[in-house]
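Listed below, chain by chain, are the residues.
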Amino acid sequence: MANIRRDPPPRDGAPRALAAVPVRPCDDTGPAAAGLTSAVQYARGVGPARARLLEDRLGIATVSDLLYRLPRRVEDRSRLRRIYDVAHGALETVQGTVVRIRQFRPRRRRLVIIKAAVTDGSGILHAVWYNQPYIARQLTPGTRVVLHGRVQRQAGEIQMAAPEFEAIEEGEESLHVGRIVPVYPGTEGLSQRVMRSIVARALDDHAGGLREWLPAELRDRHRLPELRRAIRQAHFPETLEEYRAARNRLVYEELLLLQLLLLRQKAARAASPRGLRYGDARELVARFHGALPYTLTGAQYRVITEILRDMDRPHPMNRLLQGDVGSGKTVVAATALLRCAGGGAQGALMAPTEILAGQHYLTLRNLLAPMGLTVTLLVGGLSRAARDEALGAAREGRADVVVGTHALIEGGVEFHRLGLVVVDEQHRFGVSQRAALRYKGEHPDVLVMTATPIPRTLALSLYGDLDVSILDELPPGRSPIQTYVRAPAQRPRIYQWVRGEVAAGRQAYIVCPLIEESDKLQAEAATALATRLAESVFRDVRVGVLHGRMRVDERDRAMRALREGETQVLVATTVIEVGIDVPNATVMVIEDADRFGLSQLHQLRGRVGRGAQPSRCILIGEPRTEEGQARLAAMEATTDGFRIAQKDLELRGVGELLGHRRQHGFGELRVADLLRDREWLERARRDAADLLEGDPDLERAEHRPIAAALHARFAGARPENARVG
Ligand code: ADP
Ligand code: MG
């Protein structure tokens, strides 16, 4: 039976087992099955060093995690093209030998270009990469290599710009060439070749231990292969049809388990009274609203009323607050926290990054301290003394509101009387993480907030029986953000314009190009760009930098400098995409905008347009494909997050069927994509409801394997009728 848990179960408050409900692991005690749950270090071909990379970078801790970490896509190398035959504009895969590799820097641009000539005897293909000098060390002349990328025939030369590549060794061909091969999420230090052979050996050694748990009836109904076959073919299929069917099986099983979990949580919640009742705080809330420097929007009033009404009910609140970036969710959360603390309980707010938690902490302290509340920050990077103080304040009830990151759900964090849990930027957290925070209290109220606009039906499928509140109105007095797409050649003019804005007292963000492969490279790129700009075009401008690899105090300093106007231009990675709120920043420049997803661009753009001054967003990019052009055009055309999400959906629909899977970030779903796999979600929802209808606790003998799979997958997320032990 497969153990595909990924989030570590919380060490405190929520025991591993789904304690009070009869869901327990089944009888999979054979040697092969035991192998599946063993640490990935003991898989063939994996030692301590690779195990560490697998765990830290890819979240793969066990052999079964490894088998369930599916390829990003598969590549059909059974039909390699001869270089002579490749077509202009087409995505092609070729194989050849490197005959020459050169590295050079063009004069005016700070750029390193790597150009490799590769031949297969039929012709010569020139592969070109930018700013990746390590490639020159890997592809020395004589190396056999497979290249995959878009072909351009230009001035008699056959080129591939930034192709994916893989060096092939003699005798290795059977796994890597001449067949459909898996392409895994890239990671430094773990080449495709290594990943492929580790996975192939793990399949040989351990796939036999996988136990089918999906009833034959459901498999037949949806024409899905049996589990062992599906896992094998999702990595090494013989045909693309096999690959699709295998993925469907794994998508469906994941969604079915998620739906079972949510439905069972819902039933448990319906049966449980709230843990705490609040004293009256009406007057305090009224005073708070009266003291705000602005009037609430109609939408904010409506949503606040819905929330406060929930908090007066006998069952705990479970509400999703959706509101586009800048719609003013924070003051809504502050009101709920005030209602809770004013009524004698404690509130907690969890944010996905330390930067965002720090920002919320400052905002909430400014809003709530004048109301007599104590707000405390709890993040991973605190000093020992500060951490002890924060823990004590939470445990003894001195803190009315505790703001933090996932540090909040760790063992050792206890609350005196936790009444309300607020989770910001919800889609970043998984079901188990949300549940873990909930278990720090006894059936507390839960308010989750997100700026990702998802259709209501999808929200219900994802969050269970959440009530949904929507902030569909932006605060007044904001001028809409104007967005412009510009070619890289325009950069000098763009920078001059930024200088002008800065001279006029505004502040600007420059988001540097996305490097998905590595945080470290990303951080280096941001620092390099900041230095370069500070030494050239922004010589007399105060330039700051912000990226995910900075220490907490460095980050705090960078954020403070921005807020206080000290920093005029902030060069940043996507760490700024959530929540940062500096009204005087009115300029956003996004480099290589065509490499970002639409929703991500929308989030990034939402960092400006927060004050009364008109804001502008410049997207630097020159997309080659029609889809890419349409995506940037959509950004120019609208600032409405719902419309953008819709557009994203349409465009992705026409993308290549087996193309890249965009990072989605919905917690711990690892195979399914909630937008792409909407139909499977619907099926899973119906089937889950049917299964539970006559057997709500999955106790019948024929349902035991399902219960066990559910346990293995979501061990950290107990249904709520289990008491805190
Ligand atoms: P988001 O929904 O993206 O989290 P925030 O809560 O950060 O939005 O609010 C964005 C900005 O709008 C903040 O500066 C906040 O003070 C301001 N704001 C919130 N509500 C109003 C309002 N009713 N009128 C004017 N400004 C408001
Ligand atoms: Mg926010």
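These lines cover the structure that appears in this document, whether it is placed above or below. Computed from a predicted model, the values in this text were never measured in an experiment.

## Here we look at the overall build of the protein
Secondary structure summary: the protein contains 24 helices and 21 strands in total. Counting the 725 residues in the protein, one finds 55% classified as buried. Once local pairs closer than 6 in sequence are excluded, the contacts in the protein between residues at least 24 apart make up 76%. In the structure as shown, the protein presents an accessible area of about 30900 Å², 48% of it carried by carbon and sulfur atoms.

## A closer look at the sheet that holds strand E15 (residues 467-471)
By definition, the strands of a sheet pair up through backbone hydrogen bonds, in either a parallel or an antiparallel sense. Taken in spatial order, the seven strands make up an open sheet running E11-E12-E10-E13-E14-E9-E15, and their pairing is parallel. Only two strands of the sheet have a single partner each, and these edge strands are strand E11 (375-378) and E15. Sheet twist, expressed as the average angle between the axes of neighbouring strands with direction ignored, equals 20°. With five bridges connecting them, strand E9 (residues 318-323) and E15 associate as parallel partners. Bridge pairing in E15 links arginine 319 to aspartate 467. Here helix H11 (residues 298-311) sits on the sheet in contact with E9, strand E13 (418-423), strand E14 (445-450) and E15, set at roughly 155° to E15. On the sheet, helix H14 (residues 384-396) packs against strand E10 (346-350), E11 and strand E12 (401-404) and is oriented at approximately 130° with respect to E11.

## Notes on the site of ligand 1
Around ligand 1 sit 16 residues in total, of which Gly326, Lys329, Thr330, Arg478 and Asp581 are the nearest. A distance of 2.8 Å separates an oxygen atom of ligand 1 from a polar atom in the side chain of aspartate 581. Among the detected pockets, ligand 1 sits in the second largest pocket. Here the residues of the shell around ligand 1 are counted per class, giving four nonpolar, seven polar and five charged.

## Digging into the layout of surface pockets
Empty space within the second largest pocket amounts to approximately 1000 Å³. Lining the second largest pocket are 37 residues, and of these Tyr294, Thr330, Arg478, Asp581 and Arg610 lie nearest its centre. Those elements giving two or more residues to the lining of the second largest pocket turn out to be helix H12 (329-342) and helix H13 (354-368). Counting residues per element, the lining of the second largest pocket draws most heavily on H13, at eight residues. When residues of the lining of the second largest pocket are sorted by domain, at least three fall in each of domain 3 (282-471) and domain 4 (481-638).

## Brief notes about helix H24 (residues 704-713)
By the criterion of burial, H24 is predominantly enclosed, with eight of the ten residues buried. The complete set of buried residues in H24 reads Ile706, Ala707, Ala708, Ala709, Leu710, His711, Ala712 and Arg713. For H24, the secondary structure elements touched by its buried residues are helix H9 (240-270) and helix H23 (678-693).

## Describing the environment of valine 40
Tracing the backbone shows valine 40 in the loop between helix H1 (31-37) and helix H2 (48-58). Overall, valine 40 belongs to the buried group, its relative accessible area being 2%. With 22 residues separating them in the primary sequence, valine 40 and threonine 62 have C-alpha atoms 4.4 Å apart. Leave out the neighbours within four places in its chain, and valine 40 touches Val46, Ala51, Leu54, Ile60, Ala61, Thr62, Val63 and Leu66.

## Focus on the pairing of strand E5 (residues 144-154)
In this structure, strand E2 (residues 91-104) lies alongside E5, joined through seven bridges in antiparallel fashion. Across the sheet, the residue bridging to leucine 91 is arginine 150, located in E5. With five bridges connecting them, E5 and strand E7 (residues 164-168) associate as antiparallel partners. Looking at the pairing, valine 146 lines up with glutamate 166 of E7. In this structure, E5 lies alongside strand E6 (residues 157-161), joined through four bridges in antiparallel fashion. From the neighbouring strand, glutamine 154 faces E6, where its bridge partner is glutamate 157. Where E5 folds back onto E6 in an antiparallel hairpin, the turn is made up of two residues, including alanine 155, whose phi is positive at roughly 45°.

## Regarding unusual backbone geometry
With phi around 45°, alanine 162 is a residue other than glycine that occupies positive phi space. Mapped onto the elements of the fold, alanine 162 is located in the loop between E6 and E7. The backbone phi angle of arginine 223 is positive, close to 50°, even though this residue is not glycine. Among the secondary structure elements, arginine 223 is positioned in the loop between helix H7 (216-222) and helix H8 (227-235).

## Here's the deal with the sheet that holds strand E17 (residues 507-511)
The strand order E16-E21-E20-E17-E19-E18 describes an open sheet built from six strands, whose pairing is parallel. Two strands bound the open sheet, and with one partner strand each, they are strand E16 (482-486) and strand E18 (543-546). Ignoring which end each strand starts from, the neighbouring axes of this sheet average 20° apart. In the packing of helix H17 (residues 491-503) onto the sheet, contacts are made with E16, E17, strand E19 (569-572), strand E20 (585-590) and strand E21 (616-620), and the angle to E20 comes to roughly 165°.

## Considerations on the packing of H13 against helix H19 (residues 552-563)
To characterise two packed helices, one gives the angle between the axes of the helices and the distance between these axes. Closest axis-to-axis distance for the H13/H19 pair is 10 Å, and the angle between their directions is 55°. If you check the angle between H13 and H19, you find them oblique. Considering the relative orientation of H13 and H19, their crossing is right-handed. Of the residues in H19, those touching H13 at Glu354, Ile355, Gln359 and Leu362 are Val552, Arg555, Met559 and Arg563. Grouping the constituent residues of the contact of H13 with H19 by class yields four nonpolar, one polar and three charged.

## Some points on the packing of aromatic side chains
One pass over the full model with this rule turns up three aromatic pairs. Seen from their ring centres, tyrosine 252 and tryptophan 680 are 5.9 Å apart, and the 65° between their planes marks the pair as edge-to-face. In this pair, tyrosine 252 is assigned in helix H9 and tryptophan 680 in helix H23, connecting sequence segments 428 residues apart. In this pair, the class of tyrosine 252 matches that of tryptophan 680, namely buried. Arranged with centres 5.7 Å apart and planes meeting at 65°, the rings of tyrosine 495 and phenylalanine 538 form a pair that is edge-to-face. In this pair, tyrosine 495 is assigned in helix H17 and phenylalanine 538 in the loop between helix H18 (519-535) and E18, connecting sequence segments 43 residues apart. The class of tyrosine 495 is buried, set by a relative accessible area of 9%.

## Concerning the pattern of salt bridges
As enumerated under the stated definition, the model contains 39 salt bridges in all. A salt bridge links arginine 398 to glutamate 389; the shortest N-O distance between them is 2.9 Å. Given a relative accessible area of 40%, arginine 398 falls into the partly exposed group. Here the salt bridges do not stand alone but share partners, grouping Arg72, Arg73, Glu75 and Glu164 into one network.

## What about the environment of arginine 365?
Along the chain, arginine 365 falls in helix H13. Once you skip the residues sitting within four places of it in the chain, arginine 365 turns out to touch Pro370 and Val375.

Rules used in this analysis
- Residues numbered from 1 in each chain as written.
- Chains lettered and ligands numbered in written order.
- Predicted model: local features only at pLDDT ≥ 70, side-chain atom pairs only at ≥ 80, totals over all residues.
- Heavy atoms only, no water.
- Helix = DSSP H or I, 4+ residues; strand = E, 2+ residues; numbered from the N terminus.
- Buried < 20%, exposed > 50% of the residue type's maximum accessible area, 1.4 Å probe, protein only.
- Contact = heavy atoms within 4.5 Å.
- Areas by Shrake-Rupley, 256 points an atom, 1.4 Å probe, with all protein chains shown as cover.
- Pairing = 2+ DSSP bridges.
- Axes fitted to C-alpha atoms, helices over the stretch in contact; angles between N-to-C directions.
- Near = heavy atom within 4 Å.
- Polar contact = N/O pair within 3.5 Å; in protein donor to acceptor, adjacent residues only side chain to side chain.
- 1 Å grid on protein atoms, 1.4 Å probe; cavity = no way out; pocket = protein on both sides within 12 Å on 5 of 7 lines; lining within 4 Å.
- Sits in = over half its atoms within 2 Å of the grid points.
- Nonpolar A, V, L, I, M, F, W, Y, C, P; charged D, E, K, R; others polar.
- Points joined across faces, edges and corners; volume = space filled by probe spheres on them.
- Domains from an automatic or database assignment.
- Parallel < 35°, antiparallel > 145°, perpendicular 65-115°, else oblique.
- Left-handed = near helix turned anticlockwise from the far one by under 90°.
- Phe/Tyr/Trp six-rings, centres within 6.5 Å; stacked < 30°, edge-to-face > 60°.
- Salt bridge = Lys/Arg side-chain N within 4 Å of Asp/Glu carboxyl O.

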